[in-house]
Amino acid sequence: MTLKVFDLQCELGHVFEGWFGSQDGFESQKERGLLSCPVCNSANVNKKLTAARINRGRSQETGLEQAAKLAGASAAASGEQVLAAPAMEQLAKLQAQVMQQVREIVRNTENVGTRFAEEALRMHHGETQERPIRGTATQEERAALAEEGVTVLPVPDYLDDDRMQ
């Protein structure tokens, strides 16, 4: 199955990626209120304009490589400084390393399940020792935590080893 990767942006300007099975999948999730910003939890999320990858003839270049060539030619013509992007293999290795580190961070948290909001508030109020936790919280619980000054970060399912198969 191929996925469509869209650049999304919330009403506060936070930009993030969303992976969907299709354009209809994005629209369906948006209509059902299933999309929210991972930074501020806003449900007012829209797709940003995205440059499509264009296949021309037998070229094996990726969209990123094509864009880098175009940007480099444009910058060279105007005398601007340019930065060489890492090779796709290097970029893939770097992405894998980052994902491994994020998964390790998630692994080193205590899964408190549906008691997440309660435990986070208890730590915030000094009623229990602070420790890294993860769990589930409703939109209302996340809003209440934010009002109390508790910062939470949504963790996508694919980063939670407890949910991986």
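Residues numbered from 1 in each chain as written. Predicted model: local features only at pLDDT ≥ 70, side-chain atom pairs only at ≥ 80, totals over all residues. Heavy atoms only, no water.

1. Digging into the overall build of the chain
- Helix and strand counts for the chain stand at five helices and five strands.
- Going from N to C terminus, the chain has its helices and strands arranged as β-β-α-β-α-α-β-α-β-α.
- Pairs at least 24 apart in sequence give 42% of the contacts found in the chain among residues at least 6 apart.
- In the structure as shown, the chain presents an accessible area of about 12,400 Å², 52% of it carried by carbon and sulfur atoms. (Helix = DSSP H or I, 4+ residues; strand = E, 2+ residues; numbered from the N terminus. Contact = heavy atoms within 4.5 Å. Areas by Shrake-Rupley, 256 points an atom, 1.4 Å probe, with all protein chains shown as cover.)

2. Topic: the confidence of the model for the chain
- When pLDDT is averaged along the chain, the result is 78; 72% of the residues meet or exceed 70.
- Within the chain, helix 2 (residues 63–78) has the poorest average pLDDT of any element, 54, and helix 4 (residues 116–124) the best, 95. (pLDDT = per-residue confidence, 0-100.)

3. Some words on unusual backbone geometry
- Even without a glycine there, the phi angle at Asn41 is positive, about 70 degrees.
- One can find Asn41 in the loop between helix 1 (23–31) and strand 3 (45–47).
- By relative accessible area, Asn41 is classed as buried at 14%. (Buried < 20%, exposed > 50% of the residue type's maximum accessible area, 1.4 Å probe, protein only.)

4. Here's the deal with the pairing of strand 2 (residues 15–20)
- Burial along strand 2 is one-sided: Phe16, Gly18 and Phe20 are buried, while Val15, Glu17 and Trp19, pointing the other way, are not.
- In this sheet, strand 2 lies alongside strand 1 (residues 4–10) in antiparallel orientation, the contact comprising six bridges. The residue bridging Lys4 from the neighbouring strand is Phe20, located in strand 2.
- Counted between consecutive antiparallel strands, the loop separating strand 1 from strand 2 contains four residues, among which Gly13 sits at a positive phi close to 95 degrees. (Pairing = 2+ DSSP bridges.)

5. As for the sheet that holds strand 3
- Taken together, three strands build an open sheet; the order of strands is 2-1-3 and the sheet is antiparallel. Lying at the two open borders of the sheet, with one neighbouring strand each, are strand 2 and strand 3. If you compare each strand with its neighbour and ignore which way they point, the axes differ by 40 degrees on average. (Axes fitted to C-alpha atoms, helices over the stretch in contact; angles between N-to-C directions.)

6. Observations regarding the nonpolar core
- Counting nine residues, the largest nonpolar core consists of Phe6, Leu8, Cys10, Phe16, Phe20, Phe26, Leu35, Cys37 and Val45.
- Secondary structure elements with two or more residues in this core: strand 1 and strand 2.
- Element by element, the count of residues in this core is highest for strand 1, at three residues.
- Beyond its immediate sequence surroundings of up to four residues, Phe20 is in contact with Leu3, Lys4, Phe6, Leu8, Gly25, Phe26, Gln29 and Leu35. (Core = buried A, V, L, I, M, F, W, Y, C linked by side-chain atoms within 4.5 Å.)

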